[in-house]
Amino acid sequence: MIFNLLAPYADEFALFNLVRYTTFRAGAACLTALVFSLVLGPAVIRWLRGFQRGGQPIRDDGPQSHLVTKKGTPTMGGVLILLALVLSTLLWVDLRSGLVWAVLLVTVSYGLLGFADDWLKVTKRNTKGVSGRMKLAVQAGIGLVAAIWVWWLHPPAIAGGLSVPVFKEVLIPFGFAFPLVGMVVMMGASNAVNLTDGLDGLAIVPAMIAAGVFALIAYLVGNRVLADYLQLHAVPGANELAVFLAALVGAGLGFLWFNAPPAAVFMGDTGSLALGGALGGVAVATKHEIVLAIVGGLFVVETVSVIIQVFWYKRTGRRVFLMAPLHHHFEKKGWAEPTIVIRFWIIAMVLALVGLSTLKIR
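Residues numbered from 1 in each chain as written. Predicted model: local features only at pLDDT ≥ 70, side-chain atom pairs only at ≥ 80, totals over all residues. Heavy atoms only, no water.

### Some words on the overall build of the protein
A tally of helices and strands in the protein yields 16 helices and 2 strands. Counting only residues that meet the buried cut, the protein has 53% of its 362 residues in that class. A sequence separation of at least 24 residues applies to 76% of the contacts in the protein between residues at least 6 apart. Just so you have it, the protein exposes about 16,100 Å², and 70% of that area is on carbon and sulfur atoms. (Helix = DSSP H or I, 4+ residues; strand = E, 2+ residues; numbered from the N terminus. Buried < 20%, exposed > 50% of the residue type's maximum accessible area, 1.4 Å probe, protein only. Contact = heavy atoms within 4.5 Å. Areas by Shrake-Rupley, 256 points an atom, 1.4 Å probe, with all protein chains shown as cover.)

Quick look at the structure:
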């Protein structure tokens, strides 16, 4: 909004020319989202506590320590993330960017789905919200619409292809079926972040790390000169996604202020489904879907641990891990919660560096 209001007068007023720079608007969006989060946080948490009557329902089959340490903490803190993210994005992004609107569609819609799930849990006072099949169906529908939108916005030369890291000239041709690939990426990322969200601060920091990496990627592929120099597939307008992702980092930092151990609020499905959807949407929009699996490798590992556990238990009646997702396995082994969280953050940072190295930046 600020860009669209001030850009026409940039030639007349030198100060207004700053809004033409993606880097300036990204920094402004990050700071704006951080301020929104810190200012709105206490009021949002009071509102959540007011109607949740005892906070988030705790699963009986989870770690027993959670029945004590997590009891009474309100959930649905993803509302705070979404408010700060959307408001700051709309303030600083070029509102003519179709890619940003497509990613916002996924982010907000997945967040609303998570909100409905959290709402059912806290009002019915049990751990069952929206059914798994309904969740997947809604995610698939929204993801497919967004993927078709992005596919239509991409240049024809790259629209139907899946890029391969390191091998910059390689595009796996999916043609008209590519929106199905994009849909799977968005659904997978959303549910992977959701599975990782189980300890104070565990999901939000890796999500911010991934957002930071993809902010750089979005800026590079959205700049034709830089994309050609680095032999990346150029995506016109993708640089505006860097502003969106910077806002996500700022909103995440503000949320972490309240989510740091011991957490005053949990993000719930409202936040985790939205964050994962946002990362998946950006990966599809920037043509770096496989890179997301590397940068967000922590989310992948957590998801795979659940798949392995369920598959092996159904097949043999025995468990591979003491408990899944993987972070609960280490809880059962006696690791302190802050130890697990910080070590997982370190892993997330290492994987982010590995993901960046696949770009082969000169």
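### Describing the nonpolar core
Counting 102 residues, the largest nonpolar core has Ile 204, Phe 214, Leu 241, Phe 244 and Leu 275 as its most contacted members. Ranked by residue count, the leading element in this core is helix H9 (residues 204-221), at 14 residues. The residues contacting Phe 244, other than those within four sequence positions of it, are Leu 85, Thr 89, Val 103, Leu 104, Thr 107, Ala 278 and Val 282. (Core = buried A, V, L, I, M, F, W, Y, C linked by side-chain atoms within 4.5 Å.)

### So, the layout of surface pockets
By volume, the second largest pocket is sized at about 300 Å³. Forming the boundary of the second largest pocket are 15 residues, of which Val 185, Gly 188, Ala 189, Ala 192 and Val 300 lie nearest the centre. Looking at the lining of the second largest pocket, its residues break down into 11 nonpolar, 3 polar and 1 charged. (1 Å grid on protein atoms, 1.4 Å probe; cavity = no way out; pocket = protein on both sides within 12 Å on 5 of 7 lines; lining within 4 Å. Points joined across faces, edges and corners; volume = space filled by probe spheres on them. Nonpolar A, V, L, I, M, F, W, Y, C, P; charged D, E, K, R; others polar.)

### Quick notes on the packing of aromatic side chains
By the definition in use, this model includes 5 aromatic pairs. Considering the side-chain rings of Phe 24 and Trp 92, the 6.1 Å spacing of their centres and the 85 degrees angle between planes classify their relative orientation as edge-to-face. Taken together, the residues span a long stretch of sequence, with Phe 24 in helix H2 (residues 22-52) and Trp 92 in helix H4 (residues 78-92) at a distance of 68 residues. Here the guanidinium or amino end of Lys 287 rests over the ring plane of Phe 178, the centre of that ring lying 3.8 Å away. (Phe/Tyr/Trp six-rings, centres within 6.5 Å; stacked < 30°, edge-to-face > 60°. Lys NZ or Arg CZ within 6 Å of the ring centre and 35° of its normal.)

### Thoughts on the environment of Glu 302
For Glu 302, the position within the fold is in helix H14 (residues 297-316). Sequence spacing of Glu 302 and Asp 197 is 105 residues, and the spatial spacing of their C-alpha atoms is 9.8 Å.

### With respect to a nonpolar patch on the surface
On the surface, Val 300, Val 304, Ile 308, Phe 311, Trp 312 and Val 320 cluster together into a nonpolar patch covering about 480 Å² of accessible area. By the element assignment, Val 320 lies in the loop between H14 and helix H15 (326-332). Residue classification places Val 320 among the partly exposed residues on the basis of a relative accessible area of 44%. (Patch = residues over 30% accessible without salt bridge, like charges linked within 9 Å, V, L, I, M, F, W, Y side chains within 5 Å. Salt bridge = Lys/Arg side-chain N within 4 Å of Asp/Glu carboxyl O.)

### Quick notes on the pattern of salt bridges
Pairs can form between side chains of opposite charge once their charged atoms are near each other. Tallied over the full model, the rule gives 7 salt bridges. Linking Lys 121 and Asp 269 is a salt bridge whose minimum nitrogen-to-oxygen distance equals 3.8 Å. With a gap of 148 residues between them, Lys 121 in helix H5 (residues 98-124) and Asp 269 in helix H12 (residues 268-285) connect regions that are remote in the sequence. The partner of Asp 269 in a salt bridge is Lys 135, and the shortest N-O contact between them spans 2.8 Å. Of this pair, Asp 269 sits in helix H12 while Lys 135 sits in helix H6 (residues 132-153), and the two are 134 residues apart along the sequence. Ionic contacts of the salt-bridge type, sharing partners, join the residues Asp 117, Lys 121, Lys 135 and Asp 269 into one network.

### Considerations on the packing of H9 against helix H16 (residues 337-357)
Interaxial distance between H9 and H16 falls to 9 Å at its minimum, and their mutual angle equals 15 degrees. Taken together, the axes of H9 and H16 lie roughly parallel to each other. For the crossing formed where H9 meets H16, the hand is right-handed. In contact with Val 205, Pro 206, Ile 209, Val 213 and Leu 216 of H9, H16 contributes Trp 345, Ala 348, Met 349, Ala 352 and Leu 356. (Axes fitted to C-alpha atoms, helices over the stretch in contact; angles between N-to-C directions. Parallel < 35°, antiparallel > 145°, perpendicular 65-115°, else oblique. Left-handed = near helix turned anticlockwise from the far one by under 90°.)

### What about the side chain of Asp 117?
Along the chain, the position of Asp 117 falls in helix H5. You can call Asp 117 buried: its relative accessible area is 1%. Here the side chain of Asp 117 touches Lys 135 through a polar contact of 3.2 Å, side chain to side chain. (Polar contact = N/O pair within 3.5 Å; in protein donor to acceptor, adjacent residues only side chain to side chain.)

### Observations regarding H2
The largest bend in H2 amounts to roughly 45 degrees and is located at Gly 41, with the proline Pro 42 lying one to four residues further along. In the stretch just after H2, Arg 53 is the one whose phi turns positive, near 45 degrees. (Bend = angle between axes of the 7 residues up to and from the residue.)

### A few points about empty space enclosed by the protein
Throughout the structure, instances matching the rule amount to 1 cavity of 30 Å³ or more. Looking at the largest cavity, its volume works out to about 110 Å³. If you go around the largest cavity, you meet 14 residues; those closest to its centre are Val 164, Pro 165, Lys 168, Leu 232 and His 288. Residue classes in the lining of the largest cavity are distributed as 7 nonpolar, 5 polar and 2 charged.

### Quick notes on the environment of Pro 74
Mapped onto the fold, Pro 74 is located in the loop between helix H3 (66-69) and H4. When the C-alpha atoms of Pro 74 and Ala 263 are compared, they prove to be 9.2 Å apart, with 189 residues separating the residues in sequence.

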